Amino acid sequence: MTQMNNNKNNNNNSNNKNSSIDRDVSIDRSKDTSSQMQRPGGGRGRPGRGPGATMRLVEKPKDFKGTMKKLLRYLKPYWFMLLLSIIFSAASTLFNVLSPKEMGKITTELYEAVTHRAGNVDFALIGRILLILLFLYLSNAVFNIIQGFISNSISQKLGFTLRKNMADKFNKIPLKFFDTKLHGDILSIVTNDIDTITFTFNQSLSQITSTVTQVVGVLVMMLLISPLMTGVTLLIVPLTTIFVSILVKKSQKFFKAQQRNLGNLNGHIEEMFSGHLVMKIFNGEKKSLEDFSHLNENLYNSSWKSQFLSGLMMPVTGFIGNLGYVAVCIMGGYLAVKQTISVGDIQAFIRYVRQFNHPMSQTAGIANTLQSTAAAAERVFGFLEETEESDDTDKLSNLNNLKGNVTFENVVFGYDEGIEIIKNFSADIKAGQKVAIVGPTGAGKTTLVNLLMRFYDVNSGRILIDGIDINDIKRSEVRKQFGMVLQDTWLFNGTLFENIAYSLPNASLEEVRNAAQLASAEHFIMSSGQGYDMVINEEATNISSGQKQLLTIARTILSNSPMLILDEATSNVDTRTEILIQKAMDNLMEGRTSFIIAHRLSTIKNADIILVINNGEIIEQGNHEELLEKDGFYATLYYSQFDTVSKNSIKRNNQVD
Amino acid sequence: MKKILSFLKKDVYRILIIFTLTFLQTMTGLFLPSLMSDIVDIGIVNGDTPFILKIGGIMLLVAFIGILCQITARFISAKLSARFSKNLRSSIFAKVESFSLPEFDKYSTASLITRCTNDVTQVQHSLDMTLRMALSAPLTAIGGIIMAIRFGKNLTWILIFSCTALVFIMILNFKLTVPKFQKIQKNVDKLNLITRENLSGMRVIRAFNAEGHQNEKFDQANKLLTNLHLVIGRIMSLLQPMTMLIMNLTTIVVVWLGSRMVAGYSIKVGEMMAFLQYVMQIMFSFQMLSMTFIIIPRAMVSVRRIEEVLETEPLIKDPLAEDLLSPEKLGRVEFENVSFSYPNAIEPAVCNVSFSAMPGQTTAIIGSTGSGKSTLVNLIPRLYDVSSGSVKVDGVDVRHFEQSDLRDRIGYAPQKNMLFAGTIESNIDFARDIEFKRIEEAARIAQASKFISEKEEGFYSPIAQAGTNVSGGQKQRLSIARAIANHPKIYIFDDSFSSLDFKTESNLKKALNEETKDSTVLLITQRVSTIINADKIIVLDNGQVVGMGKHKDLLENCKVYYEIASSQLTKEELA
């Protein structure tokens, strides 16, 4: 998924410059190029996730050291457990390393007995050694289990803390961040990245310690048995390492190609399936299949190559291991004949060579694991270190009985630095007045809402409620003063009751029903079978968009705030229900200052103040009659709407008015 | 499983080769310890250095043959599994492309996408694993046991005992963890859901100061997830040490008993050493096998999901050749007593609708959300088939058309504007080989010329996947251009002007009027002002026609229409 998002991302960026004016401001803002360039590796193809993560494509963090340091800081509370884990892991490996030598003693004893003592075996000695071995094996298992338990619990606690911190952080980051980021990317940080961290941490914690202990321990044991044979073995080890690194290097290219091809193919699938209706209607089947087969062929070509190369790793390291095995057998045999080492030591040495070979081929894996841990952690920390909204705990709160006078004083604002889209805007809105915000699609009508709700802060100038600068009020308090119905409805997985009472958690059924009635939602709620207990499913697909809108309105009605923001409040509601809603809205707006983003001219006509917005700027301001008189942008807009009815009749009507 | 396996039919001999090669490679691996035992029992005992060197040379050769076999097997299997997934993927894709809307409703788009992407990857992955490991593991185990019997004779029963213990532990582990993994998946979904809620509902959450509420929910899910992970992590961290322990205990028993046999000269020391190595190899192969046990159940789920798709026959198919008709292209659309119900729906979405739309006329369909407007027009290009009655185009039931012929006659601008990766030109053309001049014209009519010309590359400006790099209004205009580019005889506009501002809409309609003079136009809308001049207005309510006629007439005799109109027009306009 992510990788697909990134693809889109790239496309977006490349087309960024072509589209500026004629486009929704909200879309524009989602393409802040600089913020998206932070993604390591240029964006494409994150491994270990998404539909196509078959192969490891190692992702490099930007700052490995720094990120690891931060991660360690998170582990500080667990330092004791960590230490224990390392000790246990080292101990269990050590027991493992000691056992072949002991086992070899038995073999030697047997060999000696058979060849020199006519089969007179010292069973007491063998029994003793076996008891030592039993002790070694049991301790190895116990220590290993304890180590596993400890590192598992550390990594899960780490994951828990990281997730919790991210959730907390969510509420402290300004909206600008979320408007400029793809939601899929943030989602992937919360789930995939944290998962990667906990999983790889758990894995590598024991791996690193045991690898180091094993390499050192085995080396010592080998040297004890025969420095000469050790020397030969050590000649073979670099062979493995060199080969592995060559293979990794060579195959990266194919992994990348595979990842990219898979992304393209999956992108095509996603696109064609989502646009199935259009594809069908325009007989696009053939073209789609052609494109698909082309992409599929590309994927095939890169996929088998990368698979083959990665499949080579095991046989070749295995072969090199076998070379070591043969070398040990020959040398060991030769030395044993010369009586410089015992038969048991050959056996032990064979085991050691295998034990030595194994961690060596693992180191490449561990290095990769650490890299992807760091890359994931880097994104998580990147999020956790995002600049927060300024602290407002000492600002005004508990503002009761606000009347709802709203004043804009020389407000200047722009989403991007250097581009002001509101230039020196002033307006004085009396309590209870209706403000209609009007303009063509994509003109930036939601900007004012963003400012009023303090989702964004003004660059300069002031917005005052009853004479108080909203920057002096706590954000949560400002928002409490507004009832809001947004362009996108938003409901959560819960009962209808819970959804309506979201704004007033202690609301009684009576209050909720009143609100629902006012919003004309009662009818569909009662006919749903389960009434207010009906559960909205996770995707909120079990109710219609009109019904969603009604619920949102009911929720707003219940919140009973002195000011309202209605953003296309009724655009998703069918025309008949709309009549009912408009009545309810009229009741609701009575005595409340209302900001309405509306396309409907009937709403606009009744507004006390109309703000006409084009290209983000407020270009005209006044009531319906004044603006028509002015014969400017608003007038053109208005007349073109009623073209079919005829301009004259409207003009006549106005004159009658 | 059958269906998926049939994709491997042609590869049977390749699989056999892989099998043989793997077998050979396994045998070479098993041969080495036996050679080693010769070195000990003959070479060392007799102090015969040349013999040791000779056997050593043979060992090298054997090891080399082993790797040759293995690399060849890997080469064949890499190609095989990649081709397998290529073929599988393309037949699923082709199948889904042949689906009509009922099948999409049944599976949901998202699920079809995962089936074609994730599920295929999953199956490919496990095929790969099977070819690599699952094949060599049992071979090693069997070969190892045979060799062990040859060398160890009476020691073999120990092996059988400890292998049983290993299998038991694996099954136990499997039984314990699988249900937990399912629970974890559910919890991860839940956490995802809450995070998505937090993201998409951020403005509302902040507006209602409900951050605490959301955090509590997240916290709960987080705790649950962490606890599940803790439990499952513990079970998993038991597995590896336990199997290791069993292996080690086995060697202790083998050595104890073996040393007695050595003392009694019934086996040689080298043979016992070889036996110990076989024990190790056998145990390792069991561990490998257990890895495939983890993958296969997951793959089976994917296999089932894929087969479900492959076995689904699209409901809407072209008629048999003898029933095929292709009348002259006029543009007439007739509905005769048409009813339509979605599968499993209690009430019909469209009920007993009859009307006709003629060339040169604009027929508007108005009604509240969910009244069945879109469903009604979807029956014309046969995106769904009627439950009863008949939809006729140019006098012939749509079920007698070849689907492509039928759809060629129709220009459809759907409610959800969908663009595809490519250029502006390719989106309007849509693989229909339309002349560039006509494409320009279509863009001009759709009021898209201006923004297209403002782009650096004009008509060849890139469109991102799903058209994410153009605004809603631009998408809608391109979608309209696409619908009209082919000079269709029937136009269907499903709420196609909703994202346009009034000025653009009125310009577009003026241009369209000229274009659609001789065609049939079907117009779905919510705005009364759009259709005041329509030749025929059909008022839908709950899937039924409650009024039909001209604006003026309907205002007088249709209550529903009057209500709709009165909410949008001023008193004077209603009069």
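Remember, it's a predicted structure, so these values are computed and weren't measured experimentally.

(A) Structural context of the overall build of chain A. A count of helical and extended segments in chain A gives 23 helices and 12 strands. Counting all 657 residues of chain A, 49% fall into the buried class.

(B) Structural context of the overall build of chain B. For chain B, the count of helices and strands is 22 helices and 12 strands. Taken over C-alpha atoms, the radius of gyration comes to 36 Å for chain B, far larger than the 25 Å a tight globule of 575 residues would show. The proportion of buried residues among the 575 residues of chain B is 47%. Pairs at least 24 residues apart make up 78% of the contacts formed inside chain B by residues separated by at least 6 positions.

(C) Structural view of the sheet that holds strand β5 (residues 396–397) of chain B. All names here are of chain B. Spatial ordering of the open sheet is given by β2-β1-β4-β5, a layout of 4 strands whose pairing is antiparallel. The open sheet terminates on both sides in strands that have one partner only, identified here as β2 (350–357) and β5. Bridge analysis of strand β1 (residues 333–340) against β2 gives 5 bridges, and the strand direction is antiparallel. Directly across from E334, in β2, lies its bridge partner S356.

(D) Molecular detail of the domain arrangement of chain A. By the assigned domains, chain A splits into domain 1 (62–224 + 363–389), domain 2 (227–340) and domain 3 (490–560). On a C-alpha basis, the centroid separation for the pair domain 1 of chain A and domain 2 of chain A is 25 Å.

(E) Spatial organisation of the interface of chain A and chain B. Taken together, the contacts link 136 residues of chain A with 137 residues of chain B. Of the residues forming the side of chain A that touches chain B, the biggest block, 29 residues, is contributed by helix α11 (residues 285–337) of chain A.

(F) Fine view of the domain arrangement of chain B. Residues and elements named next belong to chain B. Considered domain by domain, chain B is made up of domain 1 (10–311) and domain 2 (332–574). Computed over C-alpha atoms, the centres of domain 1 and domain 2 are 56 Å apart. Tallying the contact residues gives 4 residues for domain 1 and 5 residues for domain 2. In terms of residue class, the side of domain 1 that touches domain 2 is built from 2 nonpolar, 1 polar and 1 charged.

(G) Main features of helix α5 (residues 109–116) of chain B. For α5(B), the complete set of buried residues consists of B:L112, B:I113, B:R115 and B:C116. Projected down its long axis, α5(B) shows its buried positions confined to an angular sector of 165°, all on one face.

(H) Quick look at the pairing of strand β9 (residues 490–494) of chain B. All names here are of chain B. Taken across its 5 residues, β9 has 5 buried, putting it largely inside the fold. Burial along β9 is two-sided: the face carrying I490, I492 and D494 and the face carrying Y491 and F493 are both buried. Bridge analysis of β9 against strand β10 (residues 520–525) gives 5 bridges, and the strand direction is parallel. Paired with D494 across the two strands is I524, which belongs to β10.

(I) Structural context of the sheet that holds strand β5 (residues 468–469) of chain A. On the basis of which strands lie adjacent, the open sheet formed by 4 strands has the order β2-β1-β4-β5 (chain A) and antiparallel pairing. One side of each edge strand has no neighbouring strand; the edge strands of this open sheet are β2 (422–429) and β5 of chain A.

(J) Seen up close, unusual backbone geometry. In this structure, A:N410 is a non-glycine residue whose phi angle is positive, near 45°. A:N410 gets classed as exposed once you count the C-beta atoms within 10 Å, which come to 12. In this structure, B:N337 takes a positive phi of about 45° despite not being glycine. Looking at the secondary structure, you find B:N337 in strand β1. Overall, B:N337 belongs to the exposed group, with 12 C-beta atoms counted inside 10 Å.

(K) Layout of the packing of helix α3 (residues 49–98) of chain B against α5(B). Residues and elements named next belong to chain B. Packing of α3 against α5 brings their axes to within 10 Å, and their N-to-C directions diverge by 160°. Classified by the interaxial angle, the pair formed by α3 and α5 is roughly antiparallel. Contacts from R89, I92, F93 and V96 in α3 reach L112, R115 and C116 in α5. Class assignment for the residues of the contact of α3 with α5 results in 5 nonpolar, no polar and 2 charged.

(L) Main features of the environment of A:R260. Residues and elements named next belong to chain A. With respect to the helices, strands and loops of the structure, R260 is situated in helix α9 (residues 227–274). Classification of R260 as partly exposed rests on a count of 19 C-beta atoms within 10 Å. A C-alpha to C-alpha distance of 8.5 Å links R260 and L299, two positions 39 residues apart in sequence.

(M) Helix α6 (residues 118–134) of chain B, seen in detail. Burial of α6(B) is extensive: 12 of the 17 residues sit out of reach of the surface. Residues of α6(B) that are buried: B:D119, B:V120, B:T121, B:Q122, B:V123, B:Q124, B:H125, B:S126, B:L127, B:D128, B:L131 and B:R132.

(N) Representation of the confidence of the model for chain B. Per-residue pLDDT for chain B has a mean of 86; in total, 97% of the residues score no lower than 70. As scored by the predictor, the complex reaches a pTM of 0.71 and an ipTM of 0.82.

(O) Representation of the confidence of the model for chain A in the model. All names here are of chain A. On average, residues of chain A carry a pLDDT of 78, and 82% of them reach 70 or more. Below pLDDT 50 for its whole length, residues 1–56 participates in 123 contacts with residues either more than four positions away or in separate chains. Confidence over residues 643–657 falls short of pLDDT 50; this stretch has 13 contacts with residues more than four positions distant or in other chains.

(P) Local environment of the packing of α9(A) against α11(A). Residues and elements named next belong to chain A. Put simply, α9 and α11 touch, their axes get as near as 8 Å, and they point 170° apart. Relative to α11, the element α9 is oriented roughly antiparallel. Considering only the axes of α9 and α11, their crossing is left-handed.

What counts as what
- Residues numbered from 1 in each chain as written.
- Chains lettered and ligands numbered in written order.
- Predicted model: local features only at pLDDT ≥ 70, side-chain atom pairs only at ≥ 80, totals over all residues.
- Helix = DSSP H or I, 4+ residues; strand = E, 2+ residues; numbered from the N terminus.
- Buried ≥ 20, exposed ≤ 12 C-beta atoms within 10 Å, placed from the backbone.
- Rg over C-alpha atoms; globule rule 2.2 N^0.38 Å.
- Contact = placed C-beta atoms within 7 Å.
- Pairing = 2+ DSSP bridges.
- Domains from an automatic or database assignment.
- Nonpolar A, V, L, I, M, F, W, Y, C, P; charged D, E, K, R; others polar.
- Arc of directions from axis to C-beta.
- Axes fitted to C-alpha atoms, helices over the stretch in contact; angles between N-to-C directions.
- Parallel < 35°, antiparallel > 145°, perpendicular 65-115°, else oblique.
- pLDDT = per-residue confidence, 0-100.
- Left-handed = near helix turned anticlockwise from the far one by under 90°.

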